[in-house]
Amino acid sequence: MRAFVPEQMKFAWLLEIEDDMEVIFVGSSHVLRQMDPAVLHHELSKAGLDYDAFNLGYPGAHFAETTYWADRILDRKVPNLKVLVLEAATLEGGMNPENDLSRRQIEWHDERRMASVLRVSADFDSFGRHFAHYFHRLGNLDRGPAAFEALFFGASRDFEGKAGLGVNQTGFRPFVGNGQSKSEKRRHKEFLADADPFEGKRRSVVDAPWDIPAHLALESEVARLEAKAEANGVQIIWLIHPGMTPAEGWKDLARREVASRVVDFSDSTLSSRWYQQNLRFDFDHLNAVGASEMTQELAGAVLQLPTL
């Protein structure tokens, strides 16, 4: 099962290697497919920093799930952790119904995240789904898979060669070629055949409402994590992905220094190259070349941190 449930396997593997990690990435497929720990290590080594990194990105993860994993990492007080790179996103990013009542979705529905998400949930159906997950977690029904594993498989771990752990077991899984699965191949083909609409979407980003004030629930979560990281001697970089719509409120949080370090790859008025078709795999993700270039640029932001 661990080979097919990467969100559990990846964190279990991170626990095995955490003492060697100085940088950890957390977020959705925008992190999973675009932040390359090997590239970061190479770029930082040029400046004399022997930093290892791990990519804890998960397909479809939204902000509440990202903060859940960030809390678990910070609570462990990883001894050598220096930098936590977290994907900046809207507080309510929605949940994929295909994952309803999975362990992954149940686990992050604690009291803190429920309170934040419900403040911005838009409809009755969303409320109902969140409460269903919360009550499953409250009843410890999310612990069934762990109990089953412990009973029948013991504490043994076999991580060697598992595809879910990504390239060289760093957690990074780039989009290469025209994709590996049928859905990836289809998405890539549709993207290449749809050049005109892509260009239109790219241009529309310039006119997007970037300066929307941050929701108080989002501001509260960001401030809390910033304080918690600082208490642990960890610096946070908030990463804004180059999507086709702005991450609402994040420019406001950066301007007021609630989010102390924001790396904005989304605003094409700042950098348009992330919207070039030759660096894209599909409408939402960069290809392997684009991922390498973006990680190189992020390395520059890491080197600008005040204490390393």
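Residues numbered from 1 in each chain as written. Predicted model: local features only at pLDDT ≥ 70, side-chain atom pairs only at ≥ 80, totals over all residues. Heavy atoms only, no water.

Caption draft 1: Main features of the pairing of strand 4 (residues 235-240). Counted residue by residue, strand 4 has six buried out of six residues, so it is predominantly covered. On strand 4, burial covers both faces: Gln-235, Ile-237 and Leu-239 on one face and Ile-236, Trp-238 and Ile-240 on the other are all buried. Where strand 3 (residues 83-87) meets strand 4, five bridges bridge the pair, whose relative direction is parallel. If you follow Val-85 over to strand 4, its bridge partner there is Ile-237. One ladder, built from three bridges, connects strand 4 with strand 5 (residues 262-264); its direction is parallel. The residue bridging Trp-238 from the neighbouring strand is Val-262, located in strand 5. (Buried < 20%, exposed > 50% of the residue type's maximum accessible area, 1.4 Å probe, protein only. Helix = DSSP H or I, 4+ residues; strand = E, 2+ residues; numbered from the N terminus. Pairing = 2+ DSSP bridges.)

Caption draft 2: A look at unusual backbone geometry. Of note, the phi angle at Asn-168 is positive, near 55°, even though the residue is not glycine. Within the fold, Asn-168 resides in the loop between helix 8 (144-153) and helix 9 (182-192). Phi angles above zero are rare outside glycine, and Gln-169 is one such case at about 60°. Examined against the element boundaries, Gln-169 turns out to sit in the loop between helix 8 and helix 9.

Caption draft 3: Inspection of helix 6 (residues 111-118) at higher detail. Buried residues of helix 6: Arg-113, Met-114, Ser-116, Val-117 and Leu-118, and no others. On the buried face of helix 6, the contacting elements are helix 4 (63-76), helix 7 (124-138) and helix 11 (216-231). (Contact = heavy atoms within 4.5 Å.)

Caption draft 4: Expanded view of the pattern of salt bridges. Across all of its chains, the model carries 17 salt bridges by this definition. In this structure, Arg-224 engages Asp-71 in a salt bridge whose closest nitrogen and oxygen atoms are separated by 2.8 Å. Within this pair, whereas Arg-224 is found in helix 11, its partner Asp-71 is found in helix 4, the two being separated by 153 residues in sequence. Classification of Asp-71 as buried rests on a relative accessible area of 3%. For Asp-252, the salt bridge is made with Arg-255, and the minimal N-O distance between the two is 3.1 Å. (Salt bridge = Lys/Arg side-chain N within 4 Å of Asp/Glu carboxyl O.)

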